[in-house]
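Residue strings, one per chain:
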Amino acid sequence: MNAEFEEEYKIIGLNIAYYRKLRGMTQIQLAEKIDISRTHLSNIEAPNIPTSLSLDVLLKVSKALETPLSKLVAIPLDYNA
């Protein structure tokens with residue numbers, strides 16, 4: 001993972017966790033639906049473990065959560081990289 005984008009990965013992971021919970025899904029349910037391990041999904045969502053994810057995984061998450069990709073990658077306006 002590129003250290004330059006650590007904060008962005010954290011935000012994306014938190015967004016994924018937010019929309020997953022909003023849909024009432026567990027990590028296991030989402031992980032199974034997008035064909036990754038629960039551990040990998042947990043790492044993606046964990047703010048203290050910035051974990052990269054492929055565009056394929058991000059698109060699968062978007063589809064599984066029925067959430068626009070733009071919402072998953074939304075960075076707050078007050079964020080300063």
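Up top is the structure these notes are about.
Residues numbered from 1 in each chain as written. Predicted model: local features only at pLDDT ≥ 70, side-chain atom pairs only at ≥ 80, totals over all residues. Heavy atoms only, no water.

Help me out: how do you make sense of helix 3 (residues 38-45) in this one?
An α-helix turns once per 3.6 residues; consequently, residues spaced three or four apart project the same way. Inspection of helix 3 places L41, I44 and E45 among the buried residues, and these make up the whole buried set. Down the axis, helix 3 shows its buried residues gathered within 95° of arc, on one side only. In the core, the buried residues of helix 3 are packed alongside helix 1 (6-22), helix 2 (27-34) and helix 4 (55-64). (Buried < 20%, exposed > 50% of the residue type's maximum accessible area, 1.4 Å probe, protein only. Helix = DSSP H or I, 4+ residues; strand = E, 2+ residues; numbered from the N terminus. Arc of directions from axis to C-beta. Contact = heavy atoms within 4.5 Å.)

How do you make sense of the pattern of salt bridges when you look at a structure like this?
It is possible for side chains bearing opposite charge to pair when their charged atoms get close. Under the definition given, this model contains two salt bridges. Residues K10 and E7 are paired through a salt bridge, measuring 3.2 Å at the closest nitrogen-oxygen approach. On the criterion of helical spacing, the pair formed by K10 and E7 is a turn pair, its members being three residues apart in helix 1. Exposure remark for K10: the relative accessible area of 22% places this residue in the partly exposed category. (Salt bridge = Lys/Arg side-chain N within 4 Å of Asp/Glu carboxyl O.)

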